[in-house]
Every structure is written in structure tokens, then in C-alpha cells.
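# Summary of the model geometry
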Amino acid sequence: MFISLGNRTSITGRLAAALILGTATGALAVGMAAPAHAQSANANLRGSVTINGAPAATEVVVIDVNSGFRRTAIVRPDGSFDVPSLRPSTYRIELQTAEGVKRTDEFTLIAGQNAVLNFDFTPEEQAAYDTGEIIVTGARLRSFEGGEVGVNITSREIEQLPQNNRNFLAFADLAPGVQFVTGGNGQSRLQGGAQDSRTVNIFIDGVGQKDFVLKNGITGQDSTQGNPFPQLAVGEYRVIGSNYKAEFDQVSSVAITASTKSGTNEFHGEAFVDFTNQSLRSRTPVEDASQTREKAKTRDFQFGGALGGPIIKDLAHFFVTYEGKRQQVPLEIFPGTTQNTQNLPASFDGEFGNFNRTFNEDLYFGKIDILPTDKDLFEASLKVRIETGIGLNNGSNLRETAINQSVDEYRGLLRWEHRTDSFVNDLKLTYEDVSWSPNPRLFENANVFQDAFGGQIIRTGGGANFQDKGQTGYGIQNDLTYFGLQGHSIKIGVKAKWVELNSLSLINTNPVFFYNTQYNPAAMNNTGTFNTSVPYQVQFGFDSGLGGDPVVTSDNFQLGLYIQDDWEVTDRLTLNLGIRWDYDRTPQYVNFVTTPSALQAVSPANYPNLVNADYDINDYISDGTQRKTFTGAFQPRIGFSYILDEESSFVLFGGFGRSYDRNQFDFIQQETSVGAFSTRTFRFQVPGDTRNNCTPSPTCVVWDPIYLTPEGRAQLVASVGAQGGAELRFINNDLKVPYSDQFSLGLRRRFGLIDGEVGYQHIESRDGFAWLLGNRRPDGSFFAPAPANQDSPFGFAPPGRGSIILGDNGLSTSADSAYLKLTKRYSASSPWNVTATYTYTEAEENRAFGETFSLDFPSIDDYPTLRSSGVSRHRFVAAGAADLPWDFTLSAKVTLASPPFLKGFSNGPNGERIILGTVGDNTERFPFFVTDTWALRQVDLALTKYITLGFLNEDARIRLRVDAINVFDYKNFTNYNTNARDVVDDANGVFGSLNGLGTGGNPPRTFKFSAGFSF
């Protein structure tokens, strides 16, 4: 593998010559084909110490200059050495030679880095070998990224780049094909390819943070504007868009591997405050629309601190941090449709415009490490996250519909790493306890006021969201890396978890009444009315007593096995060969028994509509023996890299991998919870309203105001028996695990200080979970024959019951991306850094992005594959920072994205159900960005001034900073008209056009002031 020159004489003389001949290091072997065997966020170091092909040292000792952490590696007969699993930090090396110890200068290893450091000396260097001077490592150190596609986010970038939320993941979108999205409610998510956020996973100190219950990928991130981890505790992280390492599990799109900070042999600490409010931001479009309206009061106050240091120097260290967030967040409330809003009663005056909601978060993290020997490392860490606040989104739900937010999360880790001359063993014990429990702030009837077409104008009354969901359990995982076989780094791992999954769902505890506001029995479509007295429908949650339990728990067991070999085939070719297998048993699904009441509801005698249906209901009925445990089968992961030239300037890389995710518990528990506490639906007779009137039946009755009371609703249920109106949910007995196949091919090239990369990615996902409508017409059909109305058969539910909803696989996506990435790293001699990535993506999906309910066609196969609505075709993200004179640092981030692709349902010329699609039209343009390609344009800047306090100590300094978010105040609108009927009803605008003044999570120009102190 290693190239060495010269003959073996006068070792010390030649070491010194390496310093004198500094530029000669460029001719040394780079070794860029070194095996890449990252242990999660840890770095790996390997290289050689040779003269004329013979070893020039007996041992290599790698020392963390901050903590005194020491690792020793034997130099093999060919001169090579291998030091895997090093925490990201600053190191120096001691070479144990026959003439004594030779020391290198300091160098830095970053998260997930696979570094190569060769000391191969020429005969010309021998004369200066005995001088004893420090060996320069900077020009020798090379990185090798292997076959995966990703980007490293360093501690400098986390600290310096502009942002307004202190979410360390905010810079993950610098990786090709990765998006970090903030919604209008302040809630953020991470996504990759054309898949949604439930497919991501984050590994902190090697431990996955997967949410097994809810949808947002990692625990605590569902429906919250909070941050997943204190930013002060994150040292650095790597974003992986295409993954070819078998060690990563429960992820089919983006993997993040992050390392936390540790204490050192010196006491270091810092504290900060960030602040912004309505006086420091521009007016929103809603505020601009009414020049007399004052800006909504907003506040974002974030604060925290960290402290680390020695407990016993070189032996034990500690690190603790806290971050708090106190927010008043602006939100925009506006009518959902324009029809009939001119007749809104005076009681709704003052309900529209800009308002705010509150949010509080407290994040704690603590860590202790003990280094009893140079072969052992013990770590213990604990994370605590507590959130409270008011949940309300932008839109047409009034403030009274808000909910109380609540998140509690506790995660603990015990770790023991032991190493010998030929292997490293990493044992981890984990604990997690996570609770997500939103509940209504107001307990009273809710009302949805609609236009004549069913579009929501406003919603009032109590909120519908009453839930308590989470996971609690422990796990053990062990990773063994063996590097005693020359040319190979073999890693074997096993992980087992025992986690109790729980779900309480009392949706629609507050009943919801639906009104056609233009309904007037005496004169239909009299636009002078706004009906608030005669609803056409009520939905409410009711404990049926039909079996099941609204409180669902399941003891989930997970087992994962993998083996990975990073094989250096030649000095140019490296293969990453891996395979993993996962087992995931959820008794709630596997052992489920369909209730007698559900069996009766869909029996041929009670519901003959299914006799000639296009599916077999028996595929969804279980007696507890039909279902199998989820297994991810075998998942091959293959990567490669090949050096194309003698100078190691060009590297061809790529790979293929299959990755299985999991079906979230929030889906599969609904067979039980919906059957126990289900939403009942009753219609009311509204003669003359052709859209909403119903045929008299036990669930279609004459309106009576008594139904506004609990007693009246109990009468409705009693009139049809316990099952009255209860929805039915069935899940396929052969439910599969979602997965993705990933392929990439690219070329890396170093241009002086710039690393360039161009590549292609293909990612396709299959077997995503979807809910389908199981109702059928009396003849077994889904749609009536043309030219009749082609609406879904919601009105043909089993007698006395609500609709049949079927859980099944079938969602699929595909994304083909071409990208160009340029990276320049920071150094003391070149004090600036930048990463810029342009990605062109052609993405497709068979269902609108992020949607699981597919109730418009009989089968998921009936949905056409269309362009993805969640992925921009063009996306450019660049970020960087530069040191300026007088201790200033300027940083910037630029984000550009093309408009989304929109979909809507309509009826075709023959009455058939069709889907229409178009590119959203963001018509406002800012001349700075030349073309109409970009619908999203945001430029953020930050300027930091450091003031040193030398009278305290050499590291003490004050930090003063201002961030300017969206400095050009571009209005990045997000509200598009997605109502397909508007194609033929131009009174409400054209499908795909801008509709309303909402900008979602895209802020107006905002200034944030910060101050900090560190020592």
C-alpha cells in the first residue's frame, strides 16, 4: 500500500531533513486508498513510518493534546500502523525509534474522518535526521472519504455560520440531496432524496436517536420548534446522503453522525445570550397588507453555558452544558378560502392577522470520561430535554383551537472502549425515556365553517389533538474492529434493544361540527347569509366498548447484526464490503386479533359490498397467527474508491446499498386504539344542499340542538348501538418494512486548497406505509360508471359504522441527482472556509410528499407517478466564514431553491377522477438573483467581534455578534392554490398560483444580537 523511497540509514537525520525540505512532502505517498473504517462519529488514523520500505519506528503513540488521551499502535513489518476510533480533537504523534522519541506538531481530526499520515523519507533527508526537531504533519495529512456521499460540518461552522434557532442540524443541507426545512410553525425537519423525515436517523456518540413511534425521524422532533440536542455540546458532525456502511441501521435516507464535546486537562467554559424581537425584524406580508396594523409582538431569547475540565488530570474529565429557549413566535391567521368571507359575523372581527404563541425549551447534557490506561476509555453521559408551549399553526384555525405542547426526553449512555494491538472493542449500554403529549387548551365544541365546496373558511372552539405517545427502554450494542490482517479492517457489530412503545390517542375528544356557511333552507346560495346554526355533520371521539384500548403499549424487541470489511485491494483500489440483518418484533402487530365487532361489520351478511370487491378483506383480518415479525432481511452495502493518477489527485468513488427502515408504531397501533376510542360520524339532513345532504338512515338524522351536548351525542350513539359510526381500521397481515436502494458514482479532485467533487446519486424507496379506503359500492366497485360523479365511496360504509380504512404498503419515491460540491477548509495560514453545493434533482413519487392517506383511488397502484412535490429541481446552498482584521469574523449562508411541484384532484371531462400538477408560481422577483429559476432566495450574514481578556488568561475573550437573516428581505411565499377545481373556477384564482400572504418558515429580514464570554 505505502510508497517509500531511499534506503534505511541514519533514521534521525532523515527525519530532520523532512522538516528542512518542507516542500518535499508533496512528493511523498498520499495513501488515499486507505480503508475507511469509521466508528460512527469517531475519526480513524492510519499511515506508515518507513525508509526504503523498512519500518523507521517500532511504535506510534497518538496523544490528544487537550485531554492527555493516549493510544499506542504497533508499527508492522511493512512500516504501516493503524489507530482507529479516535475522538475528533487535536492530536500529536510520538514515534518510538531506536534513537529515541520523535514528535510531530499538532494536527486535527474531524468527525467521521478517515485520515492518512505517512512518514516515508528519501535518502536526501537522512543528513538532517538526528536534529531532534519537531516533524511537520500538516502537508502530510490526507483525508479519505470512501464511497459515500456527504459533508463534514466542523465546530467552526457550527459556531460561526449565521442562524436564528441554534439547531445544529441547520447546516446539514450543505450535503448533496439533503434539505433542512423549517415550517411556518417553527417546526423543523430533515429530509433526503424524495423521502420524508421519518426515514432519517441521527447517531450521537454512536447511538441512534430513532423515533419508533412518531413521524419526524428522531425522538422529540415531532410537532415542535425545539432543538434535538444542545448546540454547545456538539463538537462536529458528518451528514451522509448515500450510505454504504453496514453499521448504520433504521435509516433509509439521511444519516447524521455527531460527536459530543468532552472535558480536557484545562478548565474551559462559555456562556451566551441571543435575542431578537419584533423591533428587529421587517414587517411580514400580512402586516404590510394592513398598514395600520402594528407588528405582532415576537421574542426569541436563547441563553446557555458550558463548562468542562479535569477531575483528575490525564485520567478523568467532565463536561456539562445547558441551553434554554424562550420564544414568542408570530403566526398568521387568515380565512382558508375567499368564498363567503365577506359575510363573516362581526364576532370574528379581530381574529385574523398576525399574532404570537409561546414556546419554552430546556436542554441539558453532561458527560464524564475516565482514562485508566492507554488501552481503556470509560464514558457516561446524560441528555435531558423538557419543552412546554402553545401549539398553533399558520392558517384558518383560530387561536382558541390551540393545544398545550409537552415533550420530555431522557437519554443515558455508558460506554467502555478497549483496544489491543490488533482490535478495538466498543461496548455501549443505553437508556431512553421519551414522552410527547399534546392536549387541548380548551375543552368545548369545535366548529368548522366551510364554503359551498367544502373548503374551510375558519375553525373555532377546542382543539382536537389529545395524545400521549413515546418510548421507554434500554439497549446494548457492541462493535469490534479488527485490524490485525494486513490490508483489511474488519468490523463486526451486534445491537439489541428492549423498548416499550406506548400510545394514547383521544382524537376529537372535543366534538367537531361542520357547517356549510352558505346553506339557507329558504334560499340556497343566498350569499347574504353565513350559516352558523345548522351543521351538516358532527364528528366526535367515543369510547365504544367494542374491544381494544385507547392506551396501547407494546414491548418491542430489536436485534441488528452486521459485518463490514474495508479492504485495500491495491495501493489504488479500496472496497467497502458490508452486510447487515435486522430483526424487529412488535407484539402489538404480530399478535393482534381482530375484534368480533369488526369481523361482524365486514362480514358478507352485514356488508355484501366486499363480496365482489377488488381486494380480499381476509388479508387484513387476523386471529393472532397470520402475521410475521418484521425482519429487514439482508442488506448489502458496497462502496469503492479508486485513485486514477500517480499524484493521487483524482479519486473515482461510488457504491450501492440497501437500507431498511421501520414501520412507525403510530400507524400499526391504530387497529387497537381506533377500535376502542374511535371518531363517530353522524350526518344531518340539510334539504336543498346537494353537496352535503344525506339519505335518512341511523347515521343521517334530523338536526336537533341537543346534539351540541354530551347527552345528545350519547343519544346518537345509543340510537345505532355501541358500534354507531365507529370507524374501522385494518392492517395487511403481510405488512413489509420500508426500504431504499441507493447508488452513487462520483469523482473527487483537489485543486490546491480546494476540494472539488462532482457526482450522481440515485435513491429509490419502496413499501412506504399508506392508508387506503376500503369502502365499496353495493356492486363492489369503487367509482360509479361514467359520467356519474367520481367521488370516493365514503357514503357506502358498513351499516352503522364509519369508513373502512386499510393499512398497507405501496408508497414509493425515486430521486436522481447530479451535484457539484466545492469545499475549502479553514487553517491558520489560510483563515477562511467555504462549502458550496449545487444539486439538480429529478424526483418522482406516487403520492403527494409526506402524505400517507390515499383515499381517492381504490389502490395505491392507481395513483400516477408524478414529479415530487417535496423536492426542488434546482437547489444551491453555500456557506463560509473568514477571519478579518481586528479580531472580526464574517460569515454567510446563501440558500436558493426552485419552486415546488403542486398536485390537486379534479373531475375530468367524462367525470373521471384525475390528478392535475403544475409548478408553483412565485411571481415576486428580486433583481439580485437574475433569473426566475429560484422561488426561494435567502442570504444570511453574521459579523462577530472578539475581545481578548489577556489579564484573565490567554483564552479568555468576549464575543459580540449580529446575525442578519434574509438580509435582502425577500418574500419567499409558500401559499399556493392547490384546489384543482379552480382550473375551471377562475373566481378563486388559477391552480398553482400564489394564494395568500403566508411565507411559512421563511422569515422576513431579521436581526439577532448575541453576546458571549469564554475562557
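### A closer look at the overall build of the chain
Scanning the chain from N- to C-terminus turns up eight helices and 51 strands. Counting contacts in the chain only where the partners sit at least 6 residues apart, residues at least 24 apart contribute 74% of the total. Accessible surface for the chain amounts to roughly 37,500 Å². Of this, 57% is attributable to carbon and sulfur atoms.

### Remarks on helix 8 (residues 710-720)
Those residues of helix 8 not exposed but buried are Gly712, Arg713, Leu716, Val717 and Val720. All buried residues of helix 8 lie within an arc of 145° about the axis, which places them on one face of the element. Exposed residues on helix 8 whose side chains face more than 90 degrees from its buried face are Pro710, Glu711, Ala718 and Ser719. Those residues of helix 8 that are buried lie in contact with strand 30 (512-516), strand 31 (537-543), strand 36 (677-684) and strand 37 (700-701).

### Thoughts on the pairing of strand 32 (residues 551-568)
As judged from the 17 bridges shared by strand 29 (residues 488-505) and strand 32, these two strands associate in the antiparallel manner. Residue Ser489 lies in a different strand from strand 32, and its bridge partner there is Asp566. Note that strand 32 and strand 33 (residues 573-585) share 12 bridges and pair antiparallel. Bridge pairing in strand 33 links Gly560 to Asp582.

### Structural notes on the pattern of salt bridges
This model, assessed by the stated rule, comprises 53 salt bridges. Note that Asp82 and Arg46 form a salt bridge whose closest N and O atoms lie 2.3 Å from each other. Of the two residues, Asp82 is situated in strand 5 (residues 80-86) and Arg46 in strand 1 (residues 43-51); the sequence distance between them amounts to 36 residues. Across the pair, exposure class does not vary: Asp82 and Arg46 are buried alike. A salt bridge links Arg87 to Asp369; its shortest N-O distance comes to 3.4 Å. Of this pair, Arg87 sits in the loop between strand 5 and strand 6 (89-97) while Asp369 sits in strand 21 (residues 353-373); the two residues are 282 residues apart in sequence, bridging distant segments of the chain. Here Arg87 and Asp369 have matching classes, each one buried. Here the salt bridges do not stand alone but share partners, grouping Arg71, Arg87, Lys367, Asp369, Glu379, Arg415, Glu417, Arg419, Asp426 and Lys428 into one network.

### So, the nonpolar core
The biggest cluster of nonpolar side chains holds 33 residues, and the ones touching the most others in it are Ile153, Tyr237, Val239 and Ile256. Going through the elements one at a time, strand 11 (149-153), strand 12 (178-182), strand 14 (201-204), strand 16 (234-242), strand 17 (255-260) and strand 45 (874-884) are the ones with two or more residues in this core. If sequence neighbours within four positions are ignored, Ile256 has contacts with Leu169, Ala172, Leu190, Asn201, Ile202, Phe203, Tyr237, Arg238 and Val239.

### Concerning the sheet that holds strand 14
Spatial ordering of the open sheet is given by 11-16-17-14-15, a layout of five strands whose pairing is mixed. Edge positions in the open sheet fall to strand 11 and strand 15 (207-208), since each of these has one partner strand only. Where strand 16 and strand 17 come together, six bridges link them in antiparallel fashion. Residue pairing for strand 17: Tyr237 is matched across the bridge by Ala258.

### Let's talk about the packing of aromatic side chains
Throughout the structure, instances matching the rule amount to 34 aromatic pairs. Geometrically, the ring pair formed by Phe267 and Phe318 is tilted, given 6.2 Å between the ring centres and 55° between the ring planes. Linking Phe267 in the loop between strand 17 and strand 18 (268-277) with Phe318 in strand 20 (residues 316-333), this pair joins segments that are 51 residues apart in sequence. In this structure Phe318 comes out as buried when scored by relative accessible area, which is 17%. Of note, Lys824 hangs over the ring of Trp832, and the distance from its end group to the ring centre comes to 4.5 Å.

### Here we look at the side chain of Thr841
Secondary-structure assignment places Thr841 in strand 42 (residues 832-845). With residues near it in sequence (within four places) discarded, Thr841 still touches Ala815, Asp816, Ser817, Val871, Ser872 and Arg873.

### Thoughts on a nonpolar patch on the surface
A cluster of nonpolar side chains, namely Ile311, Ile312, Ile368, Ile370, Phe378 and Trp416, defines an oily patch on the protein surface of about 520 Å² accessible area. The set of elements that each furnish at least two residues to the nonpolar patch consists of strand 19 (299-312) and strand 21. By the element assignment, Ile311 lies in strand 19. Since its relative accessible area comes to 47%, Ile311 is described here as partly exposed.

### Focus: the pairing of strand 4 (residues 70-74)
Across the two faces of strand 4 the burial differs, with Arg71 and Ala73 buried and Arg70, Thr72 and Ile74 not buried at all. Bridge analysis of strand 3 (residues 59-64) against strand 4 gives five bridges, and the strand direction is antiparallel. If you follow Val62 over to strand 4, its bridge partner there is Arg71.

### Regarding the environment of Gly807
Turning to its location among the elements, Gly807 is positioned in strand 41 (residues 801-824). Along the chain, Gly807 and Leu772 lie 35 residues apart, while their C-alpha atoms are 6.4 Å from each other. With near-sequence residues (within four places) excluded, Gly807 lies in contact with Tyr620, Phe730, Ile731, Asn732, Phe769, Ala770 and Trp771.

### Focus: the environment of Ser282
Locating Ser282 in the fold gives a position in the loop between strand 18 and helix 3 (285-289). Once the C-alpha coordinates of Ser282 and Arg1005 are considered, the two residues, 723 residues apart in sequence, prove to be 5.4 Å apart. If sequence neighbours within four positions are ignored, Ser282 has contacts with Glu287, Lys295, Asp969, Pro1004 and Arg1005. At 3.4 Å, the side chain of Ser282 forms a polar contact with the side chain of Asp969.

### What about the confidence of the model for the chain?
In this model, the chain carries a mean pLDDT of 86, and residues with pLDDT of at least 70 account for 89%. Predicted confidence is poor over residues 1-39, with pLDDT under 50, and the contacts of this stretch with residues over four places away or in other chains come to 153 contacts. Segment residues 925-930 is flagged for pLDDT under 50; beyond a separation of four residues in sequence, or across chains, it makes 13 contacts in the model.

### Describing the side chain of Arg357
Along the polypeptide, Arg357 turns up in strand 21. Here Leu392 takes part through its backbone oxygen, which lies 3.1 Å from a polar atom of the side chain of Arg357. Discounting chain neighbours no more than four positions away, the residues touching Arg357 are Gly184, Asn185, Gly186, Gln225, Gln327, Gln328, Val329, Pro330, Leu331, Ile390 and Leu392.

Rules used in this analysis
- Residues numbered from 1 in each chain as written.
- Predicted model: local features only at pLDDT ≥ 70, side-chain atom pairs only at ≥ 80, totals over all residues.
- Heavy atoms only, no water.
- Helix = DSSP H or I, 4+ residues; strand = E, 2+ residues; numbered from the N terminus.
- Contact = heavy atoms within 4.5 Å.
- Areas by Shrake-Rupley, 256 points an atom, 1.4 Å probe, with all protein chains shown as cover.
- Buried < 20%, exposed > 50% of the residue type's maximum accessible area, 1.4 Å probe, protein only.
- Arc of directions from axis to C-beta.
- Pairing = 2+ DSSP bridges.
- Salt bridge = Lys/Arg side-chain N within 4 Å of Asp/Glu carboxyl O.
- Core = buried A, V, L, I, M, F, W, Y, C linked by side-chain atoms within 4.5 Å.
- Phe/Tyr/Trp six-rings, centres within 6.5 Å; stacked < 30°, edge-to-face > 60°.
- Lys NZ or Arg CZ within 6 Å of the ring centre and 35° of its normal.
- Patch = residues over 30% accessible without salt bridge, like charges linked within 9 Å, V, L, I, M, F, W, Y side chains within 5 Å.
- Polar contact = N/O pair within 3.5 Å; in protein donor to acceptor, adjacent residues only side chain to side chain.
- pLDDT = per-residue confidence, 0-100.

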